[in-house]
Structure formats: C-alpha cells, structure tokens
Amino acid sequence: MSLRILLIVDMGSVLAALARAGNVQNLWAELMEMSILIQPILLVSLISLCLLNKLLLRLPYLLGVVAVTGIILVVTSLAYGAGVLYLSFAPSGLVPAYIFCVAITGVLLLYFHLRQRALSPALDEARLQALQARIRPHFLFNSLNAVLGLIRTEPRRAERILEDLADLFRVLMADNRKLITLGQEIDLCRGYLELEQLRLGARLHVEWHIDKMPQEALIPPLIVQPLLENAVYHGIEPSSGAGIISINIYRNRSRVHIVLRNPYLEEGQHHHHKGNKMAMANITQRLLLHYDAEASLINQVTGQYYQVHIIIPYTVANLGK
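Residues numbered from 1 in each chain as written. Predicted model: local features only at pLDDT ≥ 70, side-chain atom pairs only at ≥ 80, totals over all residues. Heavy atoms only, no water.

Draft legend 1. Looking closely at the overall build of the chain. When you go through the chain residue by residue, the secondary structure sums to ten helices and seven strands. Here the analysis covers contacts within the chain between residues at least 6 apart in sequence; of these, 73% occur between residues at least 24 apart. Entry remark: accessible area of the chain is about 18,000 Å², with carbon and sulfur atoms responsible for 63%. (Helix = DSSP H or I, 4+ residues; strand = E, 2+ residues; numbered from the N terminus. Contact = heavy atoms within 4.5 Å. Areas by Shrake-Rupley, 256 points an atom, 1.4 Å probe, with all protein chains shown as cover.)

Here it is as structure tokens:
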C-alpha cells in the first residue's frame, strides 16, 4: 500500500512540475523544488495517519475523509513553514501547496475507496471458493472411516483425531478475513497432517523446519493448510511409494517466509493438476486482498520436487487494542 501511495504522489508531482515548467527542459528543476516540500509532507503524513489509524477507523467514512484531509493540511502548513523558516525557500506559495496536497489526497482516497468496493465481492467469492475447495467429500469420508477403525482399539487417539477434525472445520467455516497467528495455523496443520497420517500411514513423511518461525506473526487463515492438502493430494496420494513433505517457516527482517516442498509427478501421471492451479489461484487472490503488492507466492518445480514459497509482511497483534 505504501508503495502505491508513493507512486501516485510521485506521478502527481511529475505532472504538476511539468505543468509549471511548461517544457521538458525546466521539468527537472521544478520537480526538485517540489520534492523538497512534498517528500517531507508525504513522510510525516504517513507516520501521522499510522499513529492515528485506530481513531480514524472508528469514524464514519465521510468524517474520516474530512479528518484525513485536515491532517494533511496541518502537515502541509507545518512543512511549508519549516521550509521558509529554516531553508529560506517558498516554491510557489502556501495556497498552491494546499491545492496540490488536497488534490493528491482526494485521488488516493478515491482510489482506495473504489478498490475496496471492487474487492469486497471478490473477498466474499474467495471465501466461498476456499470453503468449496477445502471441504472435499473424500477427505471427510476417509477421515471418519479411519476414526471408526480406531474407536475400539485406540479410543483416546480417535477422540483426539475427532477434535482435530472439528478444529479444522471450525476454521473452514469461520470468516477468513480475520487474521490469526502463525502458531494457530501450524497447530491446525499438525492436526490436519495427523488425520492424513492415519489414512496414509508410512507413505507420508513430514519434515518440520520451524525453529525460527515467529509464532506471533499474523497471517490470513487457511494459507498453509491448503498448501499441505495440495502436497498430500498431488504429491503423496498418486505415488505408490513413500514421500516427504517439507515445511520451512522463518522470519527474515520484516518478512515471513513459508516454503513447502513435496514430491512432483510429471504432467499426465495423475489428474490433479487442475485442482492444484485452482488452489494456487485462490491463495494468491487472498494474499492480494490482505497484503496488496507486499506479499508474493512463487511456485516452481525443482528436480523431483514441487515447491511453493510465500513471502508476507511480518505483523503482530496490537497488545494495547
């Protein structure tokens, strides 16, 4: 989001500088003069809006627009005054600075408002698709049959597996617009894999590399679990032998990396590829809805393995909320 704001502001600055310069020869000088004022305003405005984010979210939309515009005008006045006082410059007067900042603020607010309206149906559709893709009848049928086989011989294990199944479906039915911790998602994944382990036995081997995983990091629910379901469905089930699923999760500075690998079968060896593409598209869409351009999903075949690498911003819950 910050990147898009920066690009829109810079594009507006270039257009305004070009209009003032009248020709390309004077564009650079005008742009530099504007940037001396605009860049500090942009930086201080972003910091101010982040600090006041909770308060602004409580306001009705129109009142929020007025409040944001007022904050921008105050920051513009302070930045302009500081520039005149300490740098002895006045690009073109305070009123043109007001007009430019209000115009850019209006463009940004309109852009994000239209984007939210456009993506709201997509979010509902993504949630519906996630539910439809995740609740596979054969998985539920096989899991229940496996539990029935354990009730007499291992009743405690059967009870634990039924609890895992209930937890899984509870998350499946929840609103996936709310973020959960990475630790919660991994607990869900462990329960899911125990269900599959019961069904597949020695054919399924799981390697966990999560010593450096930030348990408190927030992620959209059902991001890792569907990838594991894909890994089982596409990498383990079609093979006659045993297979390894590797999960590597770690934090690198301000980013969380989630890397999953599973055995890869060539095109034509099984009929699951279409479902795989649908699942990847679904997860990609939800990452876009939650993180915009700040998250990425890269899937590739490396040798005999299929690898999915997700990168998302590292965020944690606000304990003071």
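Draft legend 2. Expanded view of helix α9 (residues 224-236). Given a rise of 1.5 Å per residue, 13 residues ought to cover 18 Å, and the 17 Å separating the end C-alpha atoms of α9 matches this to within 8%. Burial of α9 is extensive: 13 of the 13 residues sit out of reach of the surface. (Expected span 1.5 Å × (residues − 1). Buried < 20%, exposed > 50% of the residue type's maximum accessible area, 1.4 Å probe, protein only.)

Draft legend 3. Quick peek at the side chain of Ser 45. Here Ser 45 is to be found in helix α2 (residues 27-51). Among the residues examined, Ser 45 registers a relative accessible area of 5% and is labelled buried. If sequence neighbours within four positions are ignored, Ser 45 has contacts with Ile 72 and Val 75.

Draft legend 4. Just the packing of aromatic side chains, in detail. Across all of its chains, the model carries one aromatic pair by this definition. On the numbers, 6.5 Å between centres and 15 degrees between planes, the contact of Tyr 264 with Tyr 306 is stacked. Of this pair, Tyr 264 sits in the loop between β5 (255-263) and α10 (273-291) while Tyr 306 sits in strand β7 (residues 305-313), and the two are 42 residues apart along the sequence. Using a relative accessible area of 23% as the deciding quantity, one classes Tyr 264 as partly exposed. When the ring centre of Tyr 314 is taken as origin, the NZ or CZ atom of Arg 251, which lies over that ring, is 3.8 Å away. (Phe/Tyr/Trp six-rings, centres within 6.5 Å; stacked < 30°, edge-to-face > 60°. Lys NZ or Arg CZ within 6 Å of the ring centre and 35° of its normal.)

Draft legend 5. Region of the structure containing the pattern of salt bridges. Taken as a whole and judged by the stated rule, the model has two salt bridges. When the shortest N-O distance is used, the salt bridge between Glu 154 and Arg 157 registers 3.9 Å. The partly exposed category is assigned to Glu 154, whose relative accessible area is 36%. For Arg 157, a relative accessible area of 24% puts it in the partly exposed group. A salt bridge links Arg 160 to Glu 194, with the nearest nitrogen and oxygen atoms 2.8 Å apart. (Salt bridge = Lys/Arg side-chain N within 4 Å of Asp/Glu carboxyl O.)

Draft legend 6. Layout of the pairing of strand β4 (residues 243-252). In terms of strand pairing, strand β2 (residues 204-209) meets β4 through six bridges, oriented parallel. Bridged to Trp 208 within β4 is Ile 247. Where β4 meets β5, seven bridges bridge the pair, whose relative direction is antiparallel. Its bridge partner being in β5, Ser 246 is matched across the sheet by Arg 261. Here β4 hands over to β5 after two residues, with Arg 253 in that stretch at a positive phi of 60 degrees. (Pairing = 2+ DSSP bridges.)

Draft legend 7. Highlighting the environment of Gly 183. Relative to the elements of secondary structure, Gly 183 occurs in helix α8 (residues 182-200). As for Gly 183 and Gln 215, which are separated by 32 residues in sequence, their C-alpha atoms are 4.5 Å apart. Discounting residues that sit within four places of it in the chain, Gly 183 has contacts with Met 213 and Gln 215.

Draft legend 8. Seen up close, the packing of α8 against α9. Packing of α8 against α9 leaves a shortest axis separation of 9 Å and a crossing angle of 20 degrees. As far as their axial angle goes, α9 and α8 are roughly parallel. For the crossing formed where α8 meets α9, the hand is right-handed. On α9, the residues that touch Glu 185, Ile 186, Leu 188, Cys 189, Tyr 192, Leu 193, Glu 196, Arg 199 and Leu 200 of α8 are Val 224, Gln 225, Leu 228, Glu 229, Val 232 and Ile 236. Its residues assigned to classes, the contact of α8 with α9 comprises ten nonpolar, one polar and four charged. (Axes fitted to C-alpha atoms, helices over the stretch in contact; angles between N-to-C directions. Parallel < 35°, antiparallel > 145°, perpendicular 65-115°, else oblique. Left-handed = near helix turned anticlockwise from the far one by under 90°. Nonpolar A, V, L, I, M, F, W, Y, C, P; charged D, E, K, R; others polar.)

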